[in-house]
Amino acid sequence: MNQPLAYVHPEAKIAQNVVIEPFATIHKNVEIGEGTWIGSNAVIMEGARIGKNCKIFPGAVVSSIPQDLKFAGEVTTAHIGDNTVIREFVTVSRGTIDKMRTVIGSNCLIMAYAHVAHDCTVGDNCIVGNAVQMAGHVEVGDFAIISATSAIHQFVKVGSHSFISGGSLVLKDVPPFVKAAREPLSYAGINSIGMRRRGYVSEQINDIQHVYRLLFLNGLNNSQALDKIEVELSPSRERDEIINFVRNSGRGIIKGYFAKDAN
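Looking at an unreviewed UniProt entry, one finds the chain named Acyl-ACP--UDP-N-acetylglucosamine O-acyltransferase, with Pontibacter rugosus as its source organism.

Pasting the structure below:
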């Protein structure tokens, strides 16, 4: 349903039952899947690949050119997965020569005024709060929740099922399954509530908690802690995901928190 006051480039590929509200703008080299709604004054720019049953709210800009001085006009894309909601005035930049695309997964909620920069990868079922500012090359795992007004440094990785408190400055990688809070951003326990909501049983949650006690609360450096984890805990998907995340962290992971650090 294409409103006469919307502009849709003739080369854009729009599914039959997409709703485009008045004053929306759809550029060329755009693909929009079935059942998606494009709100008034939204701008879908060249290179956008939007899935099925998405909602793009008024004022959002999807697939704008990167805010990267090295960008040289290369043909890149920005992908939005199925059933994802992009709220008012969100900006999503397309990729650069590094990854060639920016990706937001399926079933995500990106709240108003958030920015997802070039070459970011956001997994499925994520929530990105109001005014979160995500620099380039950030990676966010499935089911992660990033609370409002947090700022994430470029190349940071946020693990799956993690929770970051509001207003955080995220300078280091946040491992899977943890809650991250305080200033500077630190380990604040595991995201047990989120995991229970997603079907994790007590045994799995206890094992994850044991991993992070050894990693953050046992006075060991990361290498020593990982060796001890491998000895003391039987292999599991969750244990191995944490070990691989920490070992492959490019920026280093957030630290544990001790009462003496508050002084």
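**Student:** Account for the overall build of the chain, with residues named and values stated.
**Tutor:** In terms of regular secondary structure, the chain is built from four helices and 27 strands. The C-alpha atoms of the chain give a radius of gyration of 20 Å, which matches the 18 Å a tight globule of 263 residues would have. Counting only C-alpha atoms and orienting by the principal axes, one finds that the chain spans roughly 65 × 40 × 30 Å. Of all 263 residues assigned to the chain, the portion counted as buried reaches 48%. Long-range contacts, defined as pairs at least 24 residues apart, comprise 29% of the intrachain contacts of the chain with a sequence gap of at least 6. Counting only carbon and sulfur atoms, one obtains 52% of the accessible surface of the chain, whose full area is about 12300 Å².

**Student:** Help me get a handle on the sheet that holds strand S6 (residues 37–38), residues and values and all.
**Tutor:** Spatially, S3-S6-S9-S12-S15-S18-S21-S24-S26-S27 is the arrangement adopted by the 10 strands of the open sheet, whose pairing is mixed. The open sheet has two edge strands with one neighbour each: strand S3 (19–20) and strand S27 (186–190). Alignment of strand S12 (residues 85–86) against strand S15 (residues 109–110), held across two bridges, turns out to be parallel. Opposite isoleucine 86, over in S15, you have isoleucine 110 as the bridge partner.

**Student:** Tell me about the pattern of salt bridges, residues and numbers included.
**Tutor:** When the charged atoms of two side chains lie near each other, side chains of opposite charge can form a pair. The tally for this structure, following the rule as stated, stands at 10 salt bridges. Glutamate 31 is paired through a salt bridge with arginine 49; the nearest N and O atoms lie 3.7 Å apart. Here glutamate 31 is found in strand S5 (residues 31–32), whereas its partner arginine 49 is found in strand S8 (residues 48–50), with 18 residues between them in sequence. We classify glutamate 31 as partly exposed; its relative accessible area is 34%. Since its relative accessible area comes to 17%, arginine 49 is described here as buried. Across the pair lysine 228 and glutamate 232 runs a salt bridge whose closest N-O atoms are separated by 2.9 Å. With lysine 228 and glutamate 232 both in helix H3 (residues 222–232), this residue pair falls four residues apart, about one helical turn. With a relative accessible area of 31%, lysine 228 lands in the partly exposed category. With a relative accessible area of 39%, glutamate 232 lands in the partly exposed category. Taken together, the salt bridges that share partners define one network made up of Asp227, Glu230 and Arg247.

**Student:** Which residues make up helix H2 (residues 202–216), and what are the values?
**Tutor:** For H2, with 15 residues, the first-to-last C-alpha span of 21 Å sits near the 21 Å given by 1.5 Å per residue. Residues of H2 that are buried: Ile205, Ile208, Val211, Tyr212, Leu214, Leu215 and Phe216. Looking at the buried positions of H2, the neighbouring elements they touch are strand S26 (178–181), S27, helix H1 (192–197), H3 and helix H4 (237–247).

**Student:** Can you lay out the UniProt feature "domain: UDP N-acetylglucosamine O-acyltransferase C-terminal" (unreviewed entry) in the chain for me, pointing to particular residues and giving the numbers?
**Tutor:** With numbering aligned to this structure, UniProt lists the feature "domain: UDP N-acetylglucosamine O-acyltransferase C-terminal" (unreviewed entry) at residues 173–254. Annotation note: span residues 173–254, helix share 52%, strand share 11%, distance between end C-alpha atoms 6 Å.

**Student:** Tell me what's going on with the packing of H2 against H4, and back it up with residues and numbers.
**Tutor:** With their axes 9 Å apart at the nearest point, H2 and H4 run at an angle of 30° to one another. Judged by the angle between their axes, H2 and H4 are roughly parallel. Taken as a pair, H2 and H4 cross one another with a handedness that is right-handed. Counting all contacts with H2, which are made through Gln204, Ile208, Val211, Tyr212 and Leu215, the residues of H4 involved are Glu238, Arg239, Ile242 and Val246. Grouping the constituent residues of the contact of H2 with H4 by class yields six nonpolar, one polar and two charged.

Cut-off values and rules
Residues numbered from 1 in each chain as written. Predicted model: local features only at pLDDT ≥ 70, side-chain atom pairs only at ≥ 80, totals over all residues. Heavy atoms only, no water. Helix = DSSP H or I, 4+ residues; strand = E, 2+ residues; numbered from the N terminus. Rg over C-alpha atoms; globule rule 2.2 N^0.38 Å. Buried < 20%, exposed > 50% of the residue type's maximum accessible area, 1.4 Å probe, protein only. Contact = heavy atoms within 4.5 Å. Areas by Shrake-Rupley, 256 points an atom, 1.4 Å probe, with all protein chains shown as cover. Pairing = 2+ DSSP bridges. Salt bridge = Lys/Arg side-chain N within 4 Å of Asp/Glu carboxyl O. Expected span 1.5 Å × (residues − 1). UniProt positions renumbered as here; feature names shortened; annotations may be inferred. Axes fitted to C-alpha atoms, helices over the stretch in contact; angles between N-to-C directions. Parallel < 35°, antiparallel > 145°, perpendicular 65-115°, else oblique. Left-handed = near helix turned anticlockwise from the far one by under 90°. Nonpolar A, V, L, I, M, F, W, Y, C, P; charged D, E, K, R; others polar.

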